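Remarks on the overall topology
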Amino acid sequence: EVIQQIVSQNQYVKQFATVNNIDDHIEIHDIKATRSKPSVFQAFASVSEALRKGFRNFNDKVTIGLTSCKIYDRFHVKRCNNCQGLGHYYKECPTPDTPCCAKCGLDHATNTCSSTTSKCVNCTKAGKTATDHTAYDPKCPVLQIEVEKKKKSSDTNLNSQRSRWAH
């Protein structure tokens, strides 16, 4: 329903859909209310680079319903909840029997941690000097390097880039 609205209400997308199968270029993952304003919703979608490039030419906005929505990019990097390593999830963890805490970086499960200090295991392994943050901190330098790699990659897989539309 959201994709149909986007196609019918946005001239660029309508033209794009006349020569492309829109379902190959956009996938809606979730729609939910924002925390601060329950009457305002966010839609999370993956889009192809071709479609995203078009949105950039239209000031990173899309009309949905009666609202013009700003588009924000979010590049997803997998993080394992077991070893805290980047690039895979728990189900693919190469060391499933060796947990590492996301908070203190020691060899125990994060949910059992009682430490009052944070130490990022990924920054420690990478030899970074600033390690006083958690492995799940969005400002983690190692995570930011991986996000930048995603941004620069020519990967057009819909799951490599997600856009968030707030309206």
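See the structure above.
Residues numbered from 1 in each chain as written. Predicted model: local features only at pLDDT ≥ 70, side-chain atom pairs only at ≥ 80, totals over all residues. Heavy atoms only, no water.

1. Quick word on the nonpolar core
Inclusion rule: Residues belong to one nonpolar core when they are buried, are Ala, Val, Leu, Ile, Met, Phe, Trp, Tyr or Cys, and are joined through side-chain atoms within 4.5 Å. Exposure categories follow from relative accessible area, calculated using a 1.4 Å probe and restricted to protein chains: below 20% of the type maximum is buried, above 50% is exposed, and the middle band is partly exposed. Runs of H or I in DSSP of at least four residues are treated as helices and runs of E of at least two as strands, each being numbered from the N terminus.
Judged by nonpolar contacts, the single largest core of 17 residues is most densely connected at Ile6, Val13, Ile22, Ile26, Leu51, Phe55 and Val62. Every element with two or more residues in this core is listed here: helix H1 (2-9), helix H2 (11-19), strand E2 (41-47), helix H3 (49-57), strand E3 (61-64) and strand E4 (67-74). Of all the elements, H1 adds the most residues to this core, at 4 residues. Grouped together as the second largest cluster of nonpolar side chains are 10 residues, Cys123, Ala135, Cys140 and Val147 included.

2. Section: the pattern of salt bridges
Short version of the rule: Only one rule defines a salt bridge in this text: a Lys or Arg side-chain nitrogen within 4 Å of an Asp or Glu carboxyl oxygen.
Per the counting criterion, the structure on display carries 5 salt bridges. The closest approach of N and O atoms between aspartate 73 and arginine 56, which form a salt bridge, is 3.7 Å. Separated by 17 residues along the polypeptide, aspartate 73 in strand E4 and arginine 56 in helix H3 bring together distant segments of the chain. Overall, arginine 56 belongs to the partly exposed group, its relative accessible area being 36%. Here lysine 149 ties to glutamate 146 by a salt bridge, and the two come within 3.2 Å at their closest N and O atoms.

3. A few points about the packing of H1 against H2
The cut-off we apply is this: Angles run from 0 to 180 degrees between N-to-C directions of axes, and those axes are lines fitted to C-alpha atoms, restricted for helices to the stretch in contact. To sort the angles, those under 35 degrees are grouped as roughly parallel, those over 145 as roughly antiparallel, those from 65 to 115 as roughly perpendicular, and the leftovers as oblique. Contacts are residue-level and defined by heavy atoms, with any inter-residue pair within 4.5 Å sufficient.
Between H1 and H2, the shortest axis-to-axis distance is 5 Å and the interhelical angle comes to 105°. Between H1 and H2, the angle is such that the two are roughly perpendicular. Where H1 approaches H2, its residues Ile6, Val7, Ser8 and Gln9 are matched on the opposing element by Gln11, Val13, Lys14 and Ala17.

4. Quick notes on the packing of H2 against H3
Applied cut-off: Handedness of a crossing is defined here by the sense of rotation of the near helix relative to the far one, left-handed for an anticlockwise turn of less than a right angle and right-handed for a clockwise turn.
Relative orientation of the contacting elements H2 and H3 amounts to 150°, with a least axis distance of 10 Å. The orientation of H2 relative to H3 falls into the category roughly antiparallel. The handedness of the crossing between H2 and H3 comes out as right-handed. Residues Tyr12, Val13 and Phe16 of H2 form the contact with H3, whose own contacting residues are Ala50, Leu51, Gly54 and Phe55.

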